[in-house]
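Close look at the chain arrangement
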Amino acid sequence: MSSNESEPKVSRPQSKRKLDRRIRRTRDQLGDALVALMQEKPFDSITIKDVLARAEVGRSTFYVHFRDKDDLFLSDADEFLEAMATMLSRSKDTSERVAPVREFFKHVGEGQRLYKALVESGKIHDFLELAQGHFARGIEQRLAELSRSRGIAPASRAALAHALTGSLLSLLTWWLDHGMRATPEQMDKTFHQLVWSGITPPASPTMT
(Lines give C-alpha, C1' and ligand atoms only; values in the text may rest on other atoms or scores of the structure.)
Protein backbone atom coordinates (compact mmCIF):
# COMPACT_ATOMS: atom_id res chain seq x y z
CA MET A 1 0.00 0.00 0.00
CA SER A 2 1.30 3.45 -0.82
CA SER A 3 1.25 6.09 1.90
CA ASN A 4 -0.47 9.46 1.66
CA GLU A 5 1.84 12.28 2.78
CA SER A 6 -1.10 14.30 4.13
CA GLU A 7 -1.99 11.56 6.59
CA PRO A 8 -0.24 11.41 10.00
CA LYS A 9 2.14 8.53 10.44
CA VAL A 10 0.82 6.08 12.97
CA SER A 11 3.22 3.85 14.88
CA ARG A 12 2.20 0.21 15.01
CA PRO A 13 4.79 -1.47 17.25
CA GLN A 14 2.78 -4.67 17.61
CA SER A 15 2.53 -5.10 13.83
CA LYS A 16 6.22 -4.30 13.46
CA ARG A 17 7.15 -6.95 16.03
CA LYS A 18 5.11 -9.52 14.13
CA LEU A 19 6.78 -8.46 10.87
CA ASP A 20 10.22 -8.67 12.45
CA ARG A 21 9.49 -12.17 13.73
CA ARG A 22 8.26 -13.23 10.30
CA ILE A 23 11.36 -11.84 8.59
CA ARG A 24 13.61 -13.50 11.17
CA ARG A 25 11.83 -16.83 10.70
CA THR A 26 12.13 -16.63 6.91
CA ARG A 27 15.83 -15.80 7.03
CA ASP A 28 16.43 -18.61 9.51
CA GLN A 29 14.57 -21.09 7.32
CA LEU A 30 16.68 -20.16 4.31
CA GLY A 31 19.93 -20.26 6.26
CA ASP A 32 19.10 -23.62 7.82
CA ALA A 33 18.16 -25.01 4.40
CA LEU A 34 21.47 -23.96 2.86
CA VAL A 35 23.49 -25.36 5.79
CA ALA A 36 21.67 -28.70 5.49
CA LEU A 37 22.23 -28.85 1.73
CA MET A 38 25.92 -28.03 2.10
CA GLN A 39 26.30 -31.20 4.15
CA GLU A 40 24.68 -33.26 1.40
CA LYS A 41 26.24 -31.97 -1.82
CA PRO A 42 29.00 -29.65 -3.10
CA PHE A 43 28.25 -25.95 -2.65
CA ASP A 44 28.66 -25.23 -6.36
CA SER A 45 25.95 -27.76 -7.23
CA ILE A 46 23.37 -26.26 -4.87
CA THR A 47 20.80 -24.15 -6.70
CA ILE A 48 18.44 -21.47 -5.42
CA LYS A 49 15.64 -23.87 -6.36
CA ASP A 50 17.14 -26.47 -4.00
CA VAL A 51 17.23 -23.95 -1.15
CA LEU A 52 13.68 -22.78 -1.78
CA ALA A 53 12.33 -26.32 -1.87
CA ARG A 54 14.10 -27.24 1.38
CA ALA A 55 13.06 -24.04 3.16
CA GLU A 56 9.55 -24.00 1.67
CA VAL A 57 9.98 -20.34 0.77
CA GLY A 58 9.00 -18.62 -2.47
CA ARG A 59 11.53 -17.32 -4.99
CA SER A 60 10.31 -13.72 -4.76
CA THR A 61 10.65 -13.84 -0.96
CA PHE A 62 14.22 -15.11 -1.27
CA TYR A 63 15.26 -12.18 -3.45
CA VAL A 64 13.73 -9.70 -1.02
CA HIS A 65 16.42 -10.75 1.44
CA PHE A 66 19.39 -12.06 -0.57
CA ARG A 67 21.08 -11.59 -3.93
CA ASP A 68 22.17 -15.20 -4.35
CA LYS A 69 23.28 -18.26 -2.37
CA ASP A 70 26.68 -16.70 -1.61
CA ASP A 71 24.95 -13.71 -0.06
CA LEU A 72 22.75 -16.09 1.96
CA PHE A 73 25.80 -18.03 3.17
CA LEU A 74 27.74 -14.92 4.19
CA SER A 75 24.73 -13.38 5.91
CA ASP A 76 23.99 -16.54 7.89
CA ALA A 77 27.65 -16.98 8.89
CA ASP A 78 27.93 -13.30 9.80
CA GLU A 79 24.94 -13.43 12.15
CA PHE A 80 26.15 -16.62 13.82
CA LEU A 81 29.68 -15.31 14.35
CA GLU A 82 28.53 -11.94 15.67
CA ALA A 83 26.26 -13.63 18.21
CA MET A 84 29.02 -16.04 19.25
CA ALA A 85 31.76 -13.40 19.52
CA THR A 86 29.67 -11.07 21.70
CA MET A 87 28.15 -13.83 23.87
CA LEU A 88 30.21 -13.12 27.00
CA SER A 89 29.65 -9.37 26.96
CA ARG A 90 25.94 -9.69 26.23
CA SER A 91 25.43 -12.19 29.04
CA LYS A 92 27.60 -10.12 31.41
CA ASP A 93 29.76 -13.16 32.07
CA THR A 94 31.65 -12.78 35.35
CA SER A 95 34.60 -15.02 34.47
CA GLU A 96 37.93 -13.79 33.11
CA ARG A 97 37.35 -15.46 29.75
CA VAL A 98 37.83 -13.15 26.77
CA ALA A 99 36.08 -15.43 24.25
CA PRO A 100 33.46 -18.21 24.52
CA VAL A 101 35.90 -20.85 23.33
CA ARG A 102 34.07 -23.74 24.98
CA GLU A 103 30.76 -22.82 23.36
CA PHE A 104 32.27 -22.00 19.96
CA PHE A 105 34.33 -25.18 19.72
CA LYS A 106 31.41 -27.31 20.89
CA HIS A 107 29.12 -25.84 18.24
CA VAL A 108 31.64 -26.20 15.42
CA GLY A 109 32.68 -29.67 16.60
CA GLU A 110 29.09 -30.89 16.50
CA GLY A 111 28.90 -29.75 12.88
CA GLN A 112 31.91 -31.64 11.51
CA ARG A 113 30.14 -32.41 8.26
CA LEU A 114 29.51 -28.71 7.75
CA TYR A 115 33.15 -27.91 8.53
CA LYS A 116 34.28 -30.44 5.92
CA ALA A 117 31.82 -28.95 3.45
CA LEU A 118 33.24 -25.48 4.10
CA VAL A 119 36.77 -26.75 3.51
CA GLU A 120 35.85 -28.62 0.32
CA SER A 121 33.92 -25.68 -1.12
CA GLY A 122 36.58 -23.11 -0.23
CA LYS A 123 34.03 -21.25 1.90
CA ILE A 124 36.12 -21.88 4.99
CA HIS A 125 38.25 -18.86 4.01
CA ASP A 126 35.18 -16.59 4.01
CA PHE A 127 34.04 -18.08 7.32
CA LEU A 128 37.41 -17.56 9.00
CA GLU A 129 37.74 -14.03 7.63
CA LEU A 130 34.37 -13.12 9.12
CA ALA A 131 35.31 -14.85 12.36
CA GLN A 132 38.56 -12.87 12.56
CA GLY A 133 36.69 -9.58 12.43
CA HIS A 134 33.92 -10.50 14.86
CA PHE A 135 36.11 -12.19 17.47
CA ALA A 136 38.72 -9.44 17.33
CA ARG A 137 36.03 -6.91 18.19
CA GLY A 138 34.50 -9.20 20.80
CA ILE A 139 37.84 -9.89 22.52
CA GLU A 140 38.76 -6.20 22.42
CA GLN A 141 35.49 -5.40 24.18
CA ARG A 142 36.10 -8.06 26.83
CA LEU A 143 39.64 -6.80 27.46
CA ALA A 144 38.15 -3.35 28.10
CA GLU A 145 35.56 -4.82 30.48
CA LEU A 146 37.82 -7.01 32.61
CA SER A 147 39.68 -5.41 35.51
CA ARG A 148 42.66 -7.70 34.89
CA SER A 149 43.34 -6.12 31.49
CA ARG A 150 41.75 -2.70 31.83
CA GLY A 151 45.13 -1.01 32.18
CA ILE A 152 46.09 -1.85 28.60
CA ALA A 153 45.95 1.17 26.28
CA PRO A 154 43.09 1.09 23.71
CA ALA A 155 45.47 0.94 20.73
CA SER A 156 47.33 -1.96 22.29
CA ARG A 157 44.03 -3.70 23.13
CA ALA A 158 42.98 -3.64 19.49
CA ALA A 159 46.28 -5.13 18.31
CA LEU A 160 46.28 -7.71 21.09
CA ALA A 161 42.69 -8.72 20.32
CA HIS A 162 43.57 -9.22 16.67
CA ALA A 163 46.54 -11.42 17.59
CA LEU A 164 44.55 -13.44 20.12
CA THR A 165 41.81 -14.05 17.55
CA GLY A 166 44.39 -15.40 15.13
CA SER A 167 45.56 -17.79 17.85
CA LEU A 168 41.97 -18.80 18.63
CA LEU A 169 41.14 -19.66 15.02
CA SER A 170 44.46 -21.45 14.53
CA LEU A 171 43.71 -23.49 17.65
CA LEU A 172 40.24 -24.30 16.31
CA THR A 173 41.49 -25.62 12.96
CA TRP A 174 44.26 -27.60 14.70
CA TRP A 175 41.69 -29.15 17.05
CA LEU A 176 39.35 -30.10 14.21
CA ASP A 177 42.11 -31.44 11.99
CA HIS A 178 43.49 -33.60 14.82
CA GLY A 179 40.26 -35.39 15.65
CA MET A 180 39.06 -33.19 18.52
CA ARG A 181 40.77 -35.40 21.09
CA ALA A 182 40.60 -32.69 23.76
CA THR A 183 37.23 -31.51 25.03
CA PRO A 184 35.95 -27.99 24.27
CA GLU A 185 36.40 -27.25 27.99
CA GLN A 186 40.06 -28.25 27.82
CA MET A 187 40.58 -26.14 24.71
CA ASP A 188 38.97 -23.19 26.48
CA LYS A 189 41.40 -23.61 29.37
CA THR A 190 44.38 -23.93 26.99
CA PHE A 191 43.41 -20.78 25.11
CA HIS A 192 42.95 -18.70 28.22
CA GLN A 193 46.24 -19.91 29.69
CA LEU A 194 47.79 -18.54 26.50
CA VAL A 195 45.85 -15.29 26.84
CA TRP A 196 46.75 -14.49 30.42
CA SER A 197 50.34 -15.70 30.25
CA GLY A 198 50.94 -13.14 27.51
CA ILE A 199 49.05 -10.20 28.98
CA THR A 200 50.85 -8.02 31.48
CA PRO A 201 49.31 -4.57 31.91
CA PRO A 202 51.92 -1.84 32.39
CA ALA A 203 52.94 -1.39 36.00
CA SER A 204 52.23 1.87 37.75
CA PRO A 205 55.29 4.14 37.88
CA THR A 206 57.14 3.93 41.18
CA MET A 207 57.87 6.95 43.25
CA THR A 208 61.54 7.77 43.74
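Note: the structure precedes this text.
I will try to describe carefully the structure that is included in this document. (Residues numbered from 1 in each chain as written. Predicted model: local features only at pLDDT ≥ 70, side-chain atom pairs only at ≥ 80, totals over all residues. Heavy atoms only, no water.)

A look at the layout of surface pockets
Considering only enclosed or pocket space, the largest pocket measures out at about 470 Å³ in volume. Forming the walls of the largest pocket are 21 residues, and the residues nearest its centre are V35, D76, F80, H107 and L114. Within the residue set of the lining of the largest pocket, elements represented by two or more residues are α1 (13–38), α4 (69–85), α6 (101–110), α7 (112–121) and α8 (124–145). (1 Å grid on protein atoms, 1.4 Å probe; cavity = no way out; pocket = protein on both sides within 12 Å on 5 of 7 lines; lining within 4 Å. Points joined across faces, edges and corners; volume = space filled by probe spheres on them. Helix = DSSP H or I, 4+ residues; strand = E, 2+ residues; numbered from the N terminus.)

Here we look at the environment of E140
Within the secondary structure layout, E140 lies in helix α8. Along the primary structure E140 and A158 are separated by 18 residues, whereas in three dimensions their C-alpha atoms are 5.7 Å apart. Residues within four places of E140 in sequence aside, it is in contact with P154, R157, A158 and A161. (Contact = heavy atoms within 4.5 Å.)

Considerations on the nonpolar core
Counting residues in each nonpolar core, the largest one holds 51 residues, and the members touching the most others are L30, V98, F104, F105, F135 and F191. For this core, the secondary-structure elements that each account for two or more residues are α1, α2 (48–55), α4, α6, α7, α8, α9 (154–177) and α10 (184–198). It is α9 that contributes the most residues to this core, eight residues altogether. Those residues in contact with V98, other than ones at most four positions away along the chain, are L88, G138, I139, R142, L143, L146, F191, H192, V195 and W196. (Core = buried A, V, L, I, M, F, W, Y, C linked by side-chain atoms within 4.5 Å. Buried < 20%, exposed > 50% of the residue type's maximum accessible area, 1.4 Å probe, protein only.)

Describing the packing of aromatic side chains
Across all of its chains, the model carries seven aromatic pairs by this definition. Measuring from centroid to centroid gives 5.1 Å for F62 and Y63, while their planes differ by 85 degrees, and the two rings are edge-to-face. Centroid distance F80 to F104: 6.4 Å. Interplanar angle 35 degrees. Geometry classified as tilted. With F80 in helix α4 and F104 in helix α6, this residue pair connects regions lying 24 residues apart in the sequence. Overall, F80 belongs to the partly exposed group, its relative accessible area being 23%. F104 gets classed as buried once you look at its relative accessible area, which sits at 0%. The rings of F80, F104, F105, F135 and W175 are connected pair by pair, giving a single aromatic cluster. The ring of F43 has K69 lying over it, and the distance from NZ or CZ to the ring centre is 4.7 Å. (Phe/Tyr/Trp six-rings, centres within 6.5 Å; stacked < 30°, edge-to-face > 60°. Lys NZ or Arg CZ within 6 Å of the ring centre and 35° of its normal.)

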